[in-house]
Amino acid sequence: MNPKTRPVAVVGGNRIPFARSNSAYSKASNQDMLTAALDGLVDRCSLDGERLGEVVGGAVLKHSRDRDLTRESVLGTRLAPETPAYDVQQACGTGLEAAILVANKIALGQIDAGIACGTDTTSDAPIGLNEDLRELLLDANRERSTGGKLKQLARLRPGHVVPAIPRNEEPRTGMSMGEHCALMAAEWGIGRDEQDELAALSHHNLAAAYERGFNADLVTPYLGLERDQNLRPDSTVEKLAKLGPVFGGPDGTMTAANSTPLSDGASAVLLASEEWAAERGLPVLATFAEGQTAAVDHVHKREGLLMAPAYAVARMLDRAGLTLQDFDLYEIHEAFAAQVLCTLRAWEDPVFCRERLGRDEPLGSIDRDKLNVNGGSLAAGHPFAATGGRIVAGLAKALQERGGGRGLISVCAAGGQGVVAILEAPGDGATAKKTTKGGKR
Amino acid sequence: MSDRYSQIVNSLPGRLIAGRVGLPQPTPLERHRPGAPVLAGRALLGAAPGGRLAGPLAKALADAGVETATVDADELRSAAADAGLDAAIFNAGAGGEQRFKALVFDATGIADSTQLVELQRFFHPTVRRLERCGRVVVLGTPPAACSGARERTAQRALEGFTRSLAKEVGRGATVQLVHVAPKAEGELASTLRFLLSPRSAYVSGQVVEIGPPVVKKAPAVDWERPLAGKRALVTGASRGIGAAIAETLRRDGADLVLLDVPALASDLAAVAKALDAETIELDITEEGAPAAIAERLSDGVDVVVHNAGVTRDRTIAKMPEERWSTLMEINLSSEERIDDALLEAGLLRANGRIVCVSSMSGIAGNSGQTNYATSKAGVIGMVEALAGDLAKRGATINAVAPGFIETQMTGQMPIAIREAGRRMNSMSQGGLPVDVAETIAWFASPASTGVNGNVVRVCGQSLLGA
Ligand SMILES: NC(=O)c1ccc[n+]([C@@H]2O[C@H](COP(=O)([O-])OP(=O)(O)OC[C@H]3O[C@@H](n4cnc5c(N)ncnc54)[C@H](O)[C@@H]3O)[C@@H](O)[C@H]2O)c1
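What counts and how
Residues numbered from 1 in each chain as written. Chains lettered and ligands numbered in written order. Predicted model: local features only at pLDDT ≥ 70, side-chain atom pairs only at ≥ 80, totals over all residues. Heavy atoms only, no water. Helix = DSSP H or I, 4+ residues; strand = E, 2+ residues; numbered from the N terminus. Rg over C-alpha atoms; globule rule 2.2 N^0.38 Å. Contact = heavy atoms within 4.5 Å. Areas by Shrake-Rupley, 256 points an atom, 1.4 Å probe, with all protein chains shown as cover. Lys, Arg positive; Asp, Glu negative; His and termini not counted. Charge placed at Lys NZ, Arg CZ, Asp CG, Glu CD. Buried < 20%, exposed > 50% of the residue type's maximum accessible area, 1.4 Å probe, protein only. Buried area = accessible area lost by both parts, 1.4 Å probe. Salt bridge = Lys/Arg side-chain N within 4 Å of Asp/Glu carboxyl O. Polar contact = N/O pair within 3.5 Å; in protein donor to acceptor, adjacent residues only side chain to side chain. Nonpolar A, V, L, I, M, F, W, Y, C, P; charged D, E, K, R; others polar. Phe/Tyr/Trp six-rings, centres within 6.5 Å; stacked < 30°, edge-to-face > 60°. Lys NZ or Arg CZ within 6 Å of the ring centre and 35° of its normal. Pairing = 2+ DSSP bridges. Axes fitted to C-alpha atoms, helices over the stretch in contact; angles between N-to-C directions. Near = heavy atom within 4 Å. Patch = residues over 30% accessible without salt bridge, like charges linked within 9 Å, V, L, I, M, F, W, Y side chains within 5 Å. Core = buried A, V, L, I, M, F, W, Y, C linked by side-chain atoms within 4.5 Å. Domains from an automatic or database assignment. 1 Å grid on protein atoms, 1.4 Å probe; cavity = no way out; pocket = protein on both sides within 12 Å on 5 of 7 lines; lining within 4 Å. Points joined across faces, edges and corners; volume = space filled by probe spheres on them.

Draft legend 1. Layout of the overall build of chain B. Counting secondary structure elements, chain B contains 16 helices and 14 strands. Over its C-alpha atoms chain B spans a radius of gyration of 22 Å, differing by no more than 12% from the 23 Å that the globule rule assigns to 466 residues. Along the first, second and third principal axes, the C-alpha atoms of chain B reach 65 × 60 × 45 Å. Pairs at least 24 residues apart make up 75% of the contacts formed inside chain B by residues separated by at least 6 positions. Accessible area for chain B stands at about 18600 Å²; split by element, carbon and sulfur atoms hold 53% of it. Each charge class in chain B can be summarised by its mean position, and for the 49 positive and 51 negative side chains these summaries are 6 Å apart.

Draft legend 2. Fine view of the side chain of serine 448 of chain B. Residues and elements named next belong to chain B. By secondary structure assignment, the location of serine 448 is in the loop between helix H16 (433-444) and strand S14 (455-458). On the basis of relative accessible area, serine 448 is assigned to the buried category, the value being 0%. In contact with serine 448, not counting residues within four places along its chain, are Ser190, Arg353, Thr396, Trp442 and Phe443.

Draft legend 3. Molecular detail of the interface of chain B and chain A. Taken together, the contact between chain B and chain A spans 20 residues of the former and 19 residues of the latter. Interface area, chain B with chain A, both sides summed: about 1500 Å², of which 47% is carbon and sulfur. Along the contact surface separating chain B from chain A lie five salt bridges. If you look at where chain B meets chain A, you find six residue pairs in polar contact (both at pLDDT 80 or more). At the level of elements, helix H4 (74-82) and strand S3 (88-90) of chain B are the ones that each hand at least two residues to the side of chain B that touches chain A. Among the residues forming the side of chain B that touches chain A, the class breakdown is seven nonpolar, seven polar and six charged.

Draft legend 4. Main features of the packing of aromatic side chains. In total, this model carries twelve aromatic pairs over all chains according to the counting rule given. Consider the rings of phenylalanine 90 of chain B and phenylalanine 100 of chain B, whose centres lie 5.4 Å apart with planes at 85°: the pair is edge-to-face. In this pair, phenylalanine 90 of chain B sits in strand S3 while phenylalanine 100 of chain B sits in strand S4 (residues 100-106), placing the two residues ten residues apart along the sequence. Its relative accessible area of 5% is what places phenylalanine 90 of chain B among the buried residues. A residue is classified by how much of its surface remains accessible, and phenylalanine 100 of chain B, at 0% relative accessible area, is buried. Members of the aromatic cluster, joined through ring pairs, are Phe105, Phe122, Phe123 and Phe161 of chain B. Residue placement shows arginine 15 of chain A over the ring face of phenylalanine 18 of chain A; its charged tip is 4.4 Å from the ring centre.

Draft legend 5. Molecular detail of the sheet that holds strand S1 (residues 43-47) of chain B. Residue and element names in this part refer to chain B. Spatially, S3-S2-S1-S4-S5-S6-S7 is the arrangement adopted by the seven strands of the open sheet, whose pairing is parallel. Strands at the two margins of the open sheet, each flanked by one partner only, are S3 and strand S7 (206-210). The average angle at which neighbouring strand axes cross in this sheet is 25°, direction not considered. Where S4 meets strand S5 (residues 130-140), six bridges bridge the pair, whose relative direction is parallel. Its bridge partner lying in S5, phenylalanine 105 is registered against valine 138.

Draft legend 6. Inspection of the sheet that holds strand S13 (residues 396-402) of chain B at higher detail. All names here are of chain B. Sheet architecture is open: seven strands sit in the order S10-S9-S8-S11-S12-S13-S14, paired in parallel fashion. Each of the sheet's edge strands pairs with one partner strand only, and the pair in question is strand S10 (278-281) and S14. For this sheet, the mean angle separating the axes of adjacent strands, direction not counted, is 20°. For strand S8 (residues 231-235) and strand S11 (residues 301-306), the ladder comprises three bridges, and the chain directions are parallel.

Draft legend 7. Structural detail: the site of the ligand. Residues and elements named next belong to chain B. Close to the ligand lie 28 residues, the nearest being Arg239, Ile241, Asp260, Asn307 and Tyr372. The contact in question runs from an oxygen atom of the ligand to an N or O atom on the side chain of arginine 239, over 2.8 Å. Asparagine 307 places a polar main-chain atom, nitrogen or oxygen, 2.8 Å from an oxygen atom of the ligand. When isolated, the ligand has an accessible area of 820 Å², and the protein chains bury 94% of it. Going through the elements one at a time, helix H8 (240-251), strand S9 (255-260), helix H13 (370-392) and helix H14 (408-411) are the ones with two or more residues in the shell around the ligand. Classifying every residue of the shell around the ligand by side-chain character gives 14 nonpolar, ten polar and four charged.

Draft legend 8. The arrangement of a nonpolar patch on the surface in detail. Residue and element names in this part refer to chain A. A cluster of nonpolar residues, Leu137, Leu150 and Leu153, forms a patch on the protein surface that exposes about 260 Å² of accessible area. Tracing the backbone shows leucine 137 in helix H4 (residues 131-142). For leucine 137, a relative accessible area of 38% puts it in the partly exposed group.

Draft legend 9. Main features of the nonpolar core. Ranked by internal contacts, the top residues of the largest apolar core, which has 101 residues, are Phe123, Leu139, Leu196, Leu249, Leu256 and Leu258 of chain B. Ranked by residue count, the leading element in this core is H16 of chain B, at seven residues. Apart from residues lying up to four places away in sequence, leucine 139 of chain B is in contact with Leu53, Leu57, Val104, Phe105, Asp106, Ala107, Thr108, Val178, Val180 and Leu188 of chain B. Core analysis: the second largest hydrophobic core is formed by 54 residues, Met184, Ile190, Trp347 and Leu378 of chain A among them.

Draft legend 10. Highlighting the pattern of salt bridges. With the rule as written, the count across this model stands at 50 salt bridges over all chains. Among the salt bridges present, the one from arginine 345 of chain A reaches glutamate 194 of chain A, with a minimum N-O distance of 3.4 Å. Placement of the pair is arginine 345 of chain A in helix H11 (residues 337-348) and glutamate 194 of chain A in helix H7 (residues 192-211), with a sequence separation of 151 residues. Relative accessible area serves as the criterion here: at 22%, glutamate 194 of chain A is assigned to the partly exposed category. For arginine 251 of chain B, the salt bridge goes to glutamate 438 of chain B, with nearest N and O atoms at 2.8 Å. Residue arginine 251 of chain B is found in helix H8, and its partner glutamate 438 of chain B is found in helix H16; the two are separated by 187 residues along the sequence. Here the salt bridges do not stand alone but share partners, grouping Asp39, Asp43, Asp48 and Arg78 of chain A into one network.

Draft legend 11. Geometry of the domain arrangement of chain B. Residues and elements named next belong to chain B. Per the domain assignment, the segments of chain B are domain 1 (31-210) and domain 2 (231-458). Using C-alpha coordinates to define each centre, domain 1 is positioned 30 Å away from domain 2. Carbon and sulfur atoms make up 55% of the surface buried where domain 1 meets domain 2, a total of about 1900 Å² over both sides. The salt bridge partner of aspartate 435 is arginine 31, with a shortest N-O separation of 2.8 Å.

Draft legend 12. A look at unusual backbone geometry. Residue and element names in this part refer to chain A. A positive phi angle is found at asparagine 22, which is not glycine, with a value near 55°. Mapped onto the secondary structure, asparagine 22 falls in the loop between strand S2 (19-20) and helix H1 (30-44). Asparagine 22 gets classed as exposed once you look at its relative accessible area, which sits at 57%. Even without being glycine, arginine 302 reaches a positive phi, approximately 60°. Along the chain, the position of arginine 302 falls in the loop between strand S7 (286-295) and helix H10 (308-320). Residue classification places arginine 302 among the exposed positions, given a relative accessible area of 55%.

Draft legend 13. Empty space enclosed by the protein, seen in detail. Enumeration according to the criterion identifies two cavities of 30 Å³ or more in this entry. Volume-wise, the largest cavity comes out at about 180 Å³. Lining the largest cavity are 19 residues, and of these Phe214, Asn215, Leu218, Arg390 and Gly394 of chain A lie nearest its centre. When contributions to the lining of the largest cavity are tallied by element, the ones reaching two or more residues are strand S1 (8-15), strand S6 (263-273) and helix H14 (387-401) of chain A. In terms of residue count, the dominant contributor to the lining of the largest cavity is H14 of chain A (six residues). Of the voids in this model, the second largest cavity is the one considered here, and its volume is about 50 Å³. What lines the second largest cavity is Glu30, Leu39, Ala40, Lys101, Cys133, Arg135, Leu196, Ser197 and Pro198 of chain B.

The structure is reproduced here in structure tokens:
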């Protein structure tokens, strides 16, 4: 076994614009979208015919026919068909977990380059047979004679035709993720205004990123969409304040605007050893420095369903010997504005840090000007497994753009899980310093 | 056990009628059940900036296993963390259906009348979130212990707030002001537990004083049986409030010596049998009574409860001397003699307790009760007079002052007077003997080392003599 590890470069990324559910991509399957995202990356990084070490990806809402979704997608791209692939699934953490897996193999020298990717559609969602119907059909199938089969099928009743549509429900609590987040918002005393402010800022930042061409080499148009469909550049706190609550009862604070909408899309990000990138004249945007997962017991210990990233980041910081303030950029996935705000408040909070994280001092606060600077999921949308790829590629580029620095990624996931990571870019952030000192670029 | 009025008014037709004719509809009060938590719900902890009790309060709440939220103030959050209190944040603007069983507010930071607005800021958005039979505890500094005139004025003002809030909260909720003297910050536990729990069901609108501990090292107590291994004397124990006191002290683990007049020997024996207690059949006014009691307690005693008492009502114009004197002998003079005898013989053990039973009449006065009220005001005087001396001996003396308590005595009152007595308080109902007993058990607890010289009314915040 290789005793040494080596740095892992984030070389490039590509995604298709994210669409709102049952809209632009209503007829596109997960495989269609993932293939498109991968092919865009092949174009961008000149990977035509290239045999990569591995492609790792997944989807949260998956059809049973998509058994090997990633491998099947790879076969449809211009990558060499000899490129192996496998699927992973860790709810909304899928995309980032895929990147950690690829990065780890590269770090160990098992592969030189690989793609982490993810896709999700809430429009072309898998619909299951109603459980009674499924049993009945299986019973009929087990009968040998036609008569026996007919006898079983005679049990068919109108109720059997009601399909089982996947529900956005936590299996062990029966509550939706939004309801869980509303509990967290109440526990952490998160107000409506701060949530709406975060949502409006997300739209402004994403709109500004598109305006200055930041996404030009990150997003490839697809099925008539050039930008994320959910983006509302003219969104204001005043407009958002008019919306009624959708979670947390009549005096809840969570609305359709400060919660992510159901969306469709796919993303991919290319990771490689620095040598592999250099040989092909590809840039090293950033290195994939750390990855960490954590989970909480939201079932019995009443911890907030989406609080796991708060734990994961604390553990990762300890391992890396860093403080929460040692970052130039922060990417906290905006599943709900309240989730981001709860996480930030938890890190600042002496009670949480002492009682739950076992630390003498709180992790402290972050400079909010460094948070989700190019927009987040509230503006872009959140096709579950595609979010990790969007964030890794976007943060790597943002770090390179500012002339180096360190970035933190935090993604919350269903089932009380969290996936977090650190990216680092060589350089001292000179461009960023110049910008702040010298004004316009 | 609830009285007939409550039963009728709380029945559906009764509720309708009572609502129409404007009769108060009493909320059935929650009372302590063995094994129940201190607080059956969540507490919210708030503080005026600059207070000195955030830490001790957080610790007391954490030790009592009370699930607590705090307002989002750094000082308070840090104190909570230090105390190991895993507190949620409360922000009134955050919405959600947040309800609290208790609101606890540290007002010791209020050093000027202009800062009293902190009371409004904390209670305005939270008081409607108080659950049925909820608890409000405001903590301040004893005015006499304040350093400047402004602070003293502001701290004295707190009493007006808590007494008024006690009349506003309704639905069986209670409100108290606790004065915590400097150096008494570590003495909160037993008092906070009592005031938050259903044990204080019928205590409201009171001011409790907590002073520095009377013993150097407060003993660790088992909160389920704080009196385990302790010996307690209860006078007048064959019935009514005395029997309830005996039961409650026994529940808390005490070994009992129960006293009553020889005429009630069989009643006393029945109570004693159920509680595994010793008995003394004795009229406390008898010549040799103090010596006889000292003799029976020659091994020492931890808790002495002076409960025996009588009424001999007559207006002073119609009051013969004999009627005055018998009562005074029973209710006051004999108690003084018994205390003297026990103290002189050194029989009150270390961390000992004397608990007296005064009366609302002793505070407010009552027509036809000049003798009774004099004796019961005298009991208060006895508490005040002996507190300092007992503190030096490492012991405490306190009194309860019951208001209208449902007993045989009150059951024999004429109905109009009885109904008036029952309803003229913030709870719109009479108390139960156990409410007096629970208050006595709090005084008697070995953990109540900072509670000395208090007179606490168990009266549902009666309108009389407030
Ligand atoms: N019931 C109320 O509403 C109320 C209100 C305020 C104060 N209190 C006080 O509470 C205490 C108990 O009252 P209660 O309502 O249970 O009355 P109660 O009459 O039912 O009980 C008093 C007990 O004291 C005993 N006693 C009387 N004289 C005695 C003597 N000389 N020696 C020994 N024992 C003697 C009696 O035998 C009786 O058992 C009394 O001090 C009373 O003044 C009662």
